[in-house]
Structure formats: C-alpha cells, structure tokens
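Single-letter residue listing:
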Amino acid sequence: MKRILALFVISSLSLPLLQGCATAVVGGAATGASVIHDRRSAGTMLDDKTITVKIMNELLNNPELREHSSMSATSYNQVVLLTGQAENADYRAQFERIAAGTPMVKRTVNEVQIGPNATLTEQSKDSWITSKAKIELFNIKLPQFDPTRVKVITEKGVVYLMGMVTPEEATAVVDKIRYLSGVTKVVKVFEYI
C-alpha cells in the first residue's frame, strides 16, 4: 500500500513537469513541418522572426508612437509589411523609418492607414476573415501548391497576402479570397518565383 501511495505522489508531482514536454514536441514538430514546406530557408525564417521582434520592440519602446497608433509589422523573406492605423502621416512615416532602418530588411511596404484605431468589432471581423481566407486556401487545386506558404493579414477588411509563389498560384489565391464576405480589398505583397 505504501508503494502505491508513493507512486501516486511521485506521479502527481511529475505530471505538471511533463506537460511542457508535450508542448515542446508538438511545437518542434510544427516548426519542423513549416520549415519543410516553406520556400524560405530556415535561416531566412529565423531572420524574419528577428526582424519582426526588433521592429515591434522599437514601437513598444516609443511611448508617443505607441499611444497615437495601432501598428504592426510582418516580415516575410526580409520584406516588411506595415499595417494598422496611425493618427497622422508623421507617425506612419516614423514607423516606416524604424522598419527600414532595421538590420536585414530588404524593403518595406507601408500600408498603415491614417485614421482611428480599429475597434474591437473590426478586429474580430478581421480575425474571422483571416481564418476564412486560410481555410479557403486549402481548396486551391494546383500541383505543388501548399496553402501554408501564404501569409494572410487582415486590417479593417483589407486582406494582405505575402509569400513566395508562382504567378499562377498568386492568381488562384486572390480569386479564392477576393469574394469572401467582409473583404473590401486584396493587396498582393507576393514575391514571385
């Protein structure tokens, strides 16, 4: 009986420690799968994450810019897409200067809108549109097309598409997304291969 009780206590205390292992294994597998399917090298994927973190960190460290805007940066193959809203053109330009001055950035695409920040309702609609768009990409039936190679960002109903795709893939992606409910415009920030 003492042995069963001891095993129970040890198991109970160990279980929370093992939960992180499952997350690490699943997360590692997902990262490995994305590296296999992505047309960027693993190094470039890491560079993109680093670029995004550096830009967003600069934004967080600038209280005035942060208070007068709701902007975001997304890097794909070292091309940085700037989205969101800024109170005026000066804040928009300041954010672009931060992004353009970040090491490893090849170019910036500034799509920050001048005007009020997106409401919670608009943000929810944008998340819904992004989810629907990602699901629709799985309905594209082209040889060698992988929907995980397309990055989808939505701001106030405008869908931005990033990725390394063929012209045929780009056309198919836009055709699937442009008619989704809530989409007001589709902006291609693709790199063609």
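Everything below is about the structure printed above this text.
Quick caveat: nothing in here was measured; it's all calculated off a predicted structure.

Each value, and the rule that gives it
- Residues numbered from 1 in each chain as written.
- Predicted model: local features only at pLDDT ≥ 70, side-chain atom pairs only at ≥ 80, totals over all residues.
- Heavy atoms only, no water.
- Helix = DSSP H or I, 4+ residues; strand = E, 2+ residues; numbered from the N terminus.
- Expected span 1.5 Å × (residues − 1).
- Buried < 20%, exposed > 50% of the residue type's maximum accessible area, 1.4 Å probe, protein only.
- Arc of directions from axis to C-beta.
- Pairing = 2+ DSSP bridges.
- Phe/Tyr/Trp six-rings, centres within 6.5 Å; stacked < 30°, edge-to-face > 60°.
- Lys NZ or Arg CZ within 6 Å of the ring centre and 35° of its normal.

J.: Looking at this structure, I do not really get helix 2 (residues 42-60). What am I missing?
T.: Each full turn of the α-helix corresponds to 3.6 residues, which orients residues three or four apart in the same direction. Taking 1.5 Å per residue as the helical rise, helix 2 with its 19 residues ought to reach 27 Å, and the 27 Å between its terminal C-alpha atoms agrees with that figure. Of all the positions in helix 2, only Thr-44, Met-45, Asp-48, Ile-51, Ile-55 and Leu-59 are classed as buried. Projection of helix 2 onto a plane perpendicular to its axis shows the buried side chains occupying an angular sector of 120 degrees, all on one side. Seen from the open side of helix 2, the exposed residues pointing more than 90 degrees away from its buried face are Leu-46, Lys-49, Val-53 and Leu-60.

J.: Before we go on, may I ask you to explain the pairing of strand 5 (residues 151-155) in this structure?
T.: Across the 5 residues of strand 5, 4 count as buried, placing the element largely inside the fold. Two successive antiparallel strands, strand 5 and strand 6 (residues 158-165), enclose a turn made up of 2 residues, where Lys-156 displays a positive phi of approximately 50 degrees.

J.: Looking at this structure, I do not really get the packing of aromatic side chains. What am I missing?
T.: A ring pair, where both rings are aromatic, is described by two values, the distance of the centres and the angle of the planes. Here the structure, examined in full by the defined rule, presents 1 aromatic pair. Consider the rings of Phe-190 and Tyr-192, whose centres lie 6.3 Å apart with planes at 65 degrees: the pair is edge-to-face. Its relative accessible area of 43% is what places Tyr-192 among the partly exposed residues. Positioned over the ring face of Tyr-76 is Arg-40, at 3.9 Å from the centre of the ring.

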